[in-house]
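The lines below spell out each chain.
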Amino acid sequence: MSDASNQQHVTSPVVALQTTARVSEPDLIARVLSGDRIAARELYDAHSSRVYRLAFRLTGDADLAREFTQDTFVRAFSQLARFRGDAALSTWLHRITVTVVANAMRKVKRFRERETDLEDVHPISSDGAGVDPVLRERLHRAIEDLPEIYRTTVIMHDIEGYTHTEIAEVLGVAEGTCKSRLSQARAQLRAVLADLAPRGEYES
Amino acid sequence: MTDDRFDKLMRDAADTFRRPPEPPTEEMWAEIEARAGLESSTPAVPIASITPRVQARRGFRIPSWVGIAATLVIGIGIGRGSTVVGRDGVPARIDTIAVAELPSAAVPRNDPALDRPYEVEASQYLGQTAAQTGQLQRPLHRDPAALGVESAVHAAVHGADATCADAVGTAQGAPRRRAGLRSLCGSAAWPRPATTAPRTTDGSSRHFQRSA
């Protein structure tokens, strides 16, 4: 990778997201560890969007997502010296994100349970034309009601598009465990949607 | 068909379920900078504008071992000064060394029960204690008002000796050591250990009875 393209990372977070992790990630980490503020910002620009997306998907709240993203990066910068490079930096960051969210959401669980009106918190877009709004709302509610380990797996795989390998690394479980959790989560979602579907459509 | 419909629903959910807004990048970064201490690690002004004095102060770093060595030297100095120099600046007399010879001579060094180092050390320390107590008693005799204090000190010292002897007596060959300690203190008021004396029937027991 040339110097010109490296300089492009600073100004283009998208490019940095695609190339920094492969080529200059160790150098970037070394610079951050040496106290380079610009390198820290590069690392943040490269990963903050996806960390924020994951935090928002897991929490459903913009303020919480912002707070957890900050917690993730503060913890990451403070523990960056411990990063051994066994996995990608993004995987390490997302593992921190999931841990931060899981720990914090246990504390705010009561408030989540009090939220009764789903539309007030999660406005439904009009992108999904052709999908029954009632069915969609039921699905969203069913995803939220899943146990945490199933919900995280469904969100990461079906919503955010992580692979089973990535999820297994982030969650620290075997890949087979990840697949099993996803299968069971989908089965529960189908069961919830069965009474709303046309007769015989969701009966497995 | 069922799977297709479900997959379609899940694909829809990817677009509609908790669809994240645009992340507040700059606000989050400002908070992260402040919390992670990134602001202080990198100077806000260019390096060239920093005065040479500040640069020199940043470049001069004392190795950690120098601090440890300095602390050690200061500690040793304070310890030696407080031991050798008295309150009035005059070097203090170390009476314990000279006095320690007196009870050490009374210890039967050829006693096979005292051939172990810790026994000799214990005998010497107890001998020093007894000698210092004797020195303490002398000025008290001159002051009739302190006679009550003297008796209390005497009782306390002999009581402490008896306690030490009982503690040592749990080990094997205790009567011999007890006899040696008793001779150091010069006291005949030793309690007879009812549990340990009959336990041994060899020469050590006879030695204890002879001394008593």
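Each chain has its residues counted from 1, running along the sequence as written. Each chain takes a letter, starting from A, and each ligand takes a number, starting from 1, following the order in which they are written. Selection of residues for local features in this predicted model requires a pLDDT of at least 70, selection of side-chain atom pairs for listing and counting requires 80 or more, and totals for whole chains, interfaces and linings are taken over all residues.

Caption draft 1: Examining the overall build of chain A more closely. When helices and strands are tallied, chain A shows twelve helices and zero strands. Counting other C-beta atoms within 10 Å of each residue's C-beta, where C-beta atoms are placed from the backbone, gives the exposure class: buried for 20 or more, exposed for 12 or fewer, partly exposed between. Counting the 204 residues in chain A, one finds 35% classified as buried. Considering only contacts in chain A between residues 6 or more positions apart, those separated by 24 or more positions represent 57%. Comment: elements are numbered from the N terminus, with helices defined as DSSP H or I runs of at least four residues and strands as E runs of at least two. We call two residues in contact whenever the C-beta atoms placed from their backbones are within 7 Å.

Caption draft 2: Inspection of helix α10 (residues 148-159) of chain A at higher detail. Most of α10 of chain A sits inside the fold, with nine of its twelve residues counted as buried. If you follow the buried residues of α10 of chain A, they end up packed against α4 (37-59), α6 (89-107), α9 (133-145), α11 (164-171) and α12 (175-193) of chain A together with α1 (2-16) of chain B. Where α10 of chain A ends, the next residue or the one after it, Gly 161 of chain A, has phi of about 85 degrees, a positive value.

Caption draft 3: Representation of unusual backbone geometry within the structure. Backbone geometry places Arg 18 of chain B, a non-glycine residue, at a positive phi of 45 degrees. Along the chain, the position of Arg 18 of chain B falls in the loop between α1 and α2 (25-36).

Caption draft 4: How the structure looks around the interface of chain B and chain A. The partner chain A presents 38 residues to the 27 residues of chain B that form the contact. Residue assignment for the side of chain B that touches chain A shows that the elements contributing at least two residues are α1, α2 and α3 (38-41) of chain B. Tallying contributions element by element places α1 of chain B first for the side of chain B that touches chain A, with ten residues. Classifying every residue of the side of chain B that touches chain A gives 15 nonpolar, five polar and seven charged. The classification used treats Ala, Val, Leu, Ile, Met, Phe, Trp, Tyr, Cys and Pro as nonpolar, Asp, Glu, Lys and Arg as charged, and all other residues, Gly among them, as polar.

Caption draft 5: View of the confidence of the model for chain A. Residue and element names in this part refer to chain A. On average, residues of chain A score 81 in pLDDT, and 75% of them reach the 70 mark or higher. Across the chain, each position has a pLDDT score giving the predictor's confidence in that residue, from 0 to 100. Element-level pLDDT for chain A is lowest in helix α2 (residues 13-19), with a mean of 37, against a maximum mean of 95 in helix α5 (residues 62-78). Here residues 116-126 is a poorly scored stretch, pLDDT under 50, and it has 15 contacts once near neighbours within four places are set aside; other chains count.

Caption draft 6: Summary view of the nonpolar core. All names here are of chain A. Counting residues in each nonpolar core, the largest one holds 48 residues, and the members touching the most others are Ala 40, Leu 43, Ala 55, Phe 77, Ile 143 and Val 154. Among the elements that line this core, the one with the most residues is α4, at eleven residues. Apart from the residues lying within four places of it in its own chain, the contact partners of Leu 43 are Leu 28 and Val 32. By convention the nonpolar core is taken to be a set of buried residues drawn from Ala, Val, Leu, Ile, Met, Phe, Trp, Tyr and Cys and joined through C-beta atoms within 7 Å.

Caption draft 7: Geometry of the packing of α4 of chain A against α5 of chain A. All names here are of chain A. Remark: α4 packs on α5, axes separated minimally by 8 Å, with the N-to-C direction vectors making an angle of 140 degrees. Of the possible angle classes, the one that applies to α4 and α5 is oblique. Here the hand of the crossing between α4 and α5 comes out right-handed. When α4 is examined against α5, the residues Ala 40, Tyr 44, Ser 48, Val 51, Tyr 52, Ala 55, Phe 56 and Thr 59 are found in contact with a partner set consisting of Ala 62, Leu 64, Ala 65, Phe 68, Thr 69, Thr 72, Phe 73 and Phe 77. The class makeup of the residues in the contact of α4 with α5 is twelve nonpolar, four polar and no charged. Between the N-to-C directions of two axes lies an angle of 0 to 180 degrees, each axis being a line fitted to C-alpha atoms and, for a helix, fitted only over the stretch in contact. Small angles under 35 degrees read as roughly parallel and large ones over 145 as roughly antiparallel, with 65 to 115 read as roughly perpendicular and the rest as oblique. Left-handed describes a crossing whose near helix is turned anticlockwise from the far helix by less than a right angle; the clockwise case is right-handed.

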